[in-house]
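Fold and contact review
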Amino acid sequence: MKPNQRRDLLPGIIFLMPNILGVLGFVLFPVVFSLYMSFTNWDIRFHNAFRNETAHWVGLAQYAELLQEEDAWRFFGNTLFLMLGIPPAIIGSLLLAVLLQKLARERQRFAGSSNGSLLLSGALTGAALVLAALLSGGRGTPLFLLSCFAGILFLGTLAWDRLYVALFYLPNFTAGVATFVLWKKLYHPQTGPINAALSPLLDILSQFVQALPSASFQLASLLALALIHLIAAHHFYRLNAAFISGEIDTLGFIVGAALLLLVPGYLLHLNGFPSASLGIFGILVAFLIGLLVRAHFIERRLFRSNEANGSHLLFCSLLMTAQWILLGSALVLSHLPEWSADGLVPPNWLTDYHWAKPALIIMGIWMTIGSSNMILYLAGLTTIDRQLYEAAEVDGATGMTCFWHITIPHLTPITVFIVVMSMIAGLQGGFEMARTMTYGGPAGATTTLSYYLYSAGFEQGRFGYASAIAWVLFMMLFAATIAVIRSRGSHAR
Amino acid sequence: MHARNSERLASPTRRRATSPSAINKRLPARFALHLLLSALAFTMALPFIWMVLTSLKSVEDINEPGWMPTLLNFGNYLEVFEVISFARFYWNSIFIACWITFLQVLTSSLAAYSFSRLHWPGRDTCFLLYLGTMMLPALVMIIPNYQIMVSLGLVDTFVGLVLPAAFSPFGTFLLRQFMLGIPESLDEAAKIDGANHWTVFWDIIMPLTRPGLIALTIFTFVAAFQNFFWPLVMLRSVHNYTLPVGLLYFDSIRGQSTHLLMAAVTLSVVPMVTVFVTLQRHLVEGIQAGSIKG
């Protein structure tokens, strides 16, 4: 021990003491205690101030019950379904950041010269919008909304990107019970503004649908389904090529393939080909096990990851989200003619079993698109050397190519961080929405694992069981985080 | 190759930046960008616009499909305070959030000083272990913490709300990031002049960590103000409710009166908007510092 280290030991401990005691008492001890509780039949109905029957050690019984509980699996599915909103939100954040950064650069370029022409055009467009609304005989609401829009535009030409950043970030900053209650009212089937705005649009749509032969919708639905398989096949081919050339490792290949084939597999299952889907599933599993064995024992490259791994996996999860959206629209398209036969009505959103989750996803995207993710991307964009783009332009690269080959790779470390944080939040999420908007309903459609934990623990009083849920959740979080960090490989450090 | 190309390109770029004719040529593109972004921002703001407009409606036009109130009825806001002890919820929330913020910033900055400035043996190992606790999900802690509060008799008290939130590994991590950026020669010089650790900490390090302290204050305050799960579980009596729990309570008793509910929602959003507008500048720095993994 060096003398100055010894000299610092006592003050070091003293300065640390208040915090470390609190963390020991309210973080570390509870975690250990929670693990203990999950192995007992702790229940406040029997174990409280009035009736003290001691909790018994039951070993893994709570975990066994949890794994056998069909509802628990359904709630896990709900949690994953709600997490489908994460990729679109992250992409949205990225696109917003790119637009904002373009504007910020314009602002810097502008510094010193007059802003007059832009201000003038902003003001003129705003005035024209309001005038158009006035002349079209629009009553109060459209006029007011248009002048709000014109006001934002005008202020935007004054304050540049800073105003937009603030407006995009606000929903995330204020997110909480208040905004959930607000959205509950927005989604109200009869009095909410969303359905009020949708029903005239849907009337037009239903007339349009009735005018077209219903076969065309079947065709469009089939096309969407075909597209799902096409995406899977095409990208599976590319993934395979990347795997053979050693660009990605075996684990990346397997996870990527699983992501791509999930929706086609689900489709098979949905269409009632259990034997066929089982057969294909069996073949796939055998194939993947073979790959794993070969990679691990012969080529020894199970985890030889590099930076391509992470971006391939991100791309696969993106494509999977696209496949889910296609699947949803295929289902809607195939039912559209029969629905519109007697006029389309807007959905009941939160009280409808099938629409409650999409409703929450839409709200979630509104809340997270301008979150700190956007700010991190903005910061990341400013650190990319402009000269890279200029050099690429000279070589004849288009904007799109630059985006794929310069912007995206440079932002990969930030993306990995955002994905990890979003996954952690997503797996634990949904409690506040469920408690304030739906009470987990209708029929458990919006019950996530965190709400399940709450209702098991604090509504039924089964602390042991709830602790087991918490620990299963924790293990999933841990595994997911490790997997993502591994896939980003060594280059990030 | 990039470097050579960029050298060749550096000068035309700079010229383009200053030439007024080039700026005017780019005007349509720039204006389209403004139009697109303001349309997006407008869409994001729509729920808030509806919220404020509805909170000003009177009972008569609450079921009208139009968004505009026929008469601006500011009385709704007063009625919220009459229907329910909303002022009390406000006070509770602010009181609790202030205590949590104060304690967390204090304990975190002390710990961050120890982790960044003092060179005791085993410090970095200890810090890594400490960082590991950041990975523990809050959901795991809630049930045992509740049981602890039951045993201490702190259920339905403010102390029970404040204590578990007063110590955070994240705060320590964030402030350590900021403190590592301060050159160590400063405190060496102060120590030669005979300053003790407390003086170095309080008079030198703390003032220089100001941006970090502000960022942590905002994060902690907002998180404490918006926290829902823990108060919901802990609080029993209505006069102890914090704003989110109180709002839910209001929704359960008067949720049918949309105009009153929206007035209450607006009132609970206002503190956040105020914090945001006044301190926006400091937030960005904090978000960036917090994301750089040590």
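What follows is about the overall build of chain B. Secondary structure assignment for chain B yields 15 helices and 0 strands. Across the 294 residues in chain B, those meeting the buried criterion constitute 55%. Summarising the internal contacts of chain B: among those between residues at least 6 apart in sequence, 72% fall at separations of at least 24. Here chain B has roughly 13100 Å² of accessible surface; of this, 66% comes from carbon and sulfur atoms.

To continue, consider helix H11 (residues 197-208) of chain B. All names here are of chain B. Compared with an ideal rise of 1.5 Å per residue, which puts 12 residues at 16 Å, H11 spans 15 Å between its outermost C-alpha atoms and is within 8% of the ideal. Where H11 is concerned, the buried positions are His197, Val200, Phe201, Ile205 and Met206. Along the axis of H11, the buried residues cluster in a sector spanning 140°; they form a single face.

Another aspect to go through is the nonpolar core. With 211 residues, the main nonpolar core has Phe168(A), Phe173(A), Met437(A), Phe458(A), Phe86(B) and Val265(B) as its most contacted residues. Tallying contributions element by element places helix H15 (residues 258-291) of chain B first for this core, with 14 residues. Sequence-distant contacts of Val265(B), that is, excluding residues within four places in its chain, are made with Ala178(A), Val181(A), Leu182(A), Met51(B) and Leu247(B).

For the rest of this paragraph, the subject is the confidence of the model for chain A. Across chain A, the average pLDDT comes to 82, with 88% of residues at 70 or higher. Across residues 489-493 of chain A, where pLDDT falls below 50, the model places 4 contacts with residues more than four positions away in sequence or in other chains.

This part takes up the interface of chain A and chain B. Facing 105 residues of chain A, the contacting portion of chain B comprises 104 residues. Buried surface at the junction of chain A and chain B, summed over both partners, amounts to about 9600 Å²; 80% is from carbon and sulfur atoms. Area buried by chain A at its contact with chain B is led by Phe15(A), Phe26(A) and Phe173(A), which between them contribute 9% of it. For the interface between chain A and chain B, the tally reads 2 salt bridges. Linking Glu106(A) and Arg30(B) is a salt bridge whose minimum nitrogen-to-oxygen distance equals 2.7 Å. Summed over the shared surface of chain A and chain B, the number is 13 residue pairs in polar contact (both at pLDDT 80 or more). Ranked by residue count, the leading element in the side of chain A that touches chain B is helix H1 (residues 3-38) of chain A, at 22 residues. Among the residues making up the side of chain A that touches chain B, the classes are represented as 68 nonpolar, 26 polar and 11 charged.

As a further point, take the side chain of Asn78(A). Here Asn78(A) is to be found in helix H3 (residues 70-83). Residue contacts for Asn78(A): discarding those within four places in its chain leaves Lys357(A), Gly444(A), Ala445(A), Thr446(A) and Thr447(A).

Let us look at a nonpolar patch on the surface. Together, Ile13(A), Met17(A), Leu21(A), Leu24(A) and Leu28(A) make up an exposed nonpolar region whose accessible area comes to about 400 Å². Mapped onto the elements of the fold, Leu21(A) is located in helix H1.

All names here are of chain A. Between helix H4 (residues 86-110) and helix H15 (residues 372-383), whose axes approach to 8 Å, the crossing angle comes to 45°. When the interaxial angle is binned, H4 and H15 end up oblique. With respect to the hand of their crossing, H4 and H15 are arranged in right-handed fashion. Note on element contacts: H15 touches H4 through Asn373, Met374, Tyr377, Leu378, Leu381 and Thr382, opposite Ile90, Ser93, Leu94, Leu96, Ala97, Val98, Leu100 and Gln101. Here the contact of H4 with H15 is built from residues that sort into 10 nonpolar, 4 polar and no charged.

The next subject is the confidence of the model for chain B. Residue and element names in this part refer to chain B. Taken over all residues, the pLDDT of chain B has a mean of 83, while the share at 70 or more is 90%. Low pLDDT (under 50) marks residues 1-18, which in the prediction has 15 contacts with non-local residues, meaning those over four places away or in another chain. Our summary of model confidence lists the complex with pTM equal to 0.85 and ipTM equal to 0.85.

Although it is not a glycine, Ala443(A) adopts a positive phi angle of roughly 55°. Tracing the chain through its elements places Ala443(A) in the loop between helix H18 (431-438) and helix H19 (449-459). Residue Asp156(B) is not a glycine yet carries a positive backbone phi of 65°. Of note, Asp156(B) is situated in the loop between helix H7 (138-152) and helix H8 (158-162).

Within the structure shown, the criterion is met by 55 aromatic pairs over all chains. Relative to Tyr146(B), the ring of Phe458(A) lies with its centre 5.2 Å away and its plane at 90°, an arrangement referred to as edge-to-face. Taken together, the residues Phe458(A) in helix H19 and Tyr146(B) in helix H7 connect one chain to another. Judged by its relative accessible area of 8%, Tyr146(B) is buried. A ring pair is formed by Tyr113(B) and Phe201(B), whose centres lie 5.3 Å apart and whose planes are at 65°; its orientation type is edge-to-face. In this pair, Tyr113(B) is assigned in helix H5 (residues 86-117) and Phe201(B) in helix H11, connecting sequence segments 88 residues apart. Phe201(B) shares its class with Tyr113(B); the two are buried. What links up through ring pairs into an aromatic cluster is the set Phe431(A), Tyr451(A), Tyr454(A), Phe458(A), Phe463(A), Tyr146(B), Phe228(B) and Phe229(B).

Below, the discussion takes up helix H12 (residues 210-226) of chain B. Structurally, the α-helix is built with 3.6 residues per turn, so residues lying three or four positions apart point the same way. If you check H12(B), its first and last C-alpha atoms are 24 Å apart, about what 17 residues at 1.5 Å a residue would give, namely 24 Å. For H12(B), the set of buried residues is Gly212(B), Leu213(B), Ile214(B), Ala215(B), Leu216(B), Ile218(B), Thr220(B), Phe221(B), Val222(B), Ala224(B), Phe225(B) and Gln226(B).

This part takes up the pattern of salt bridges. Applying the stated criterion to the full structure yields 7 salt bridges over all chains. With a shortest N-O distance of 2.8 Å, Arg107(A) and Asp161(A) are connected by a salt bridge. Of this pair, Arg107(A) sits in helix H4 while Asp161(A) is found in helix H7 (residues 161-173), placing the two residues 54 residues apart along the sequence. Assessed through its relative accessible area of 22%, Arg107(A) is described here as partly exposed. For Asp161(A), a relative accessible area of 7% gives the class buried. For Asp124(B), the salt bridge goes to Arg123(B), with nearest N and O atoms at 3.2 Å.

A few words on the environment of Phe168(A). Secondary-structure assignment places Phe168(A) in helix H7. Looking at Phe168(A), the relative accessible area reads 1%, which means it is buried. Distance from Phe168(A) to Asp249(A), taken between C-alpha atoms, is 38 Å for residues 81 residues apart in sequence. Once you skip the residues sitting within four places of it in the chain, Phe168(A) turns out to touch Leu96(A), Leu100(A), Gly370(A), Met374(A), Leu37(B), Leu40(B), Ala41(B) and Met44(B).

So, how was this worked out
- Residues numbered from 1 in each chain as written.
- Chains lettered and ligands numbered in written order.
- Predicted model: local features only at pLDDT ≥ 70, side-chain atom pairs only at ≥ 80, totals over all residues.
- Heavy atoms only, no water.
- Helix = DSSP H or I, 4+ residues; strand = E, 2+ residues; numbered from the N terminus.
- Buried < 20%, exposed > 50% of the residue type's maximum accessible area, 1.4 Å probe, protein only.
- Contact = heavy atoms within 4.5 Å.
- Areas by Shrake-Rupley, 256 points an atom, 1.4 Å probe, with all protein chains shown as cover.
- Expected span 1.5 Å × (residues − 1).
- Arc of directions from axis to C-beta.
- Core = buried A, V, L, I, M, F, W, Y, C linked by side-chain atoms within 4.5 Å.
- pLDDT = per-residue confidence, 0-100.
- Buried area = accessible area lost by both parts, 1.4 Å probe.
- Salt bridge = Lys/Arg side-chain N within 4 Å of Asp/Glu carboxyl O.
- Polar contact = N/O pair within 3.5 Å; in protein donor to acceptor, adjacent residues only side chain to side chain.
- Nonpolar A, V, L, I, M, F, W, Y, C, P; charged D, E, K, R; others polar.
- Patch = residues over 30% accessible without salt bridge, like charges linked within 9 Å, V, L, I, M, F, W, Y side chains within 5 Å.
- Axes fitted to C-alpha atoms, helices over the stretch in contact; angles between N-to-C directions.
- Parallel < 35°, antiparallel > 145°, perpendicular 65-115°, else oblique.
- Left-handed = near helix turned anticlockwise from the far one by under 90°.
- Phe/Tyr/Trp six-rings, centres within 6.5 Å; stacked < 30°, edge-to-face > 60°.

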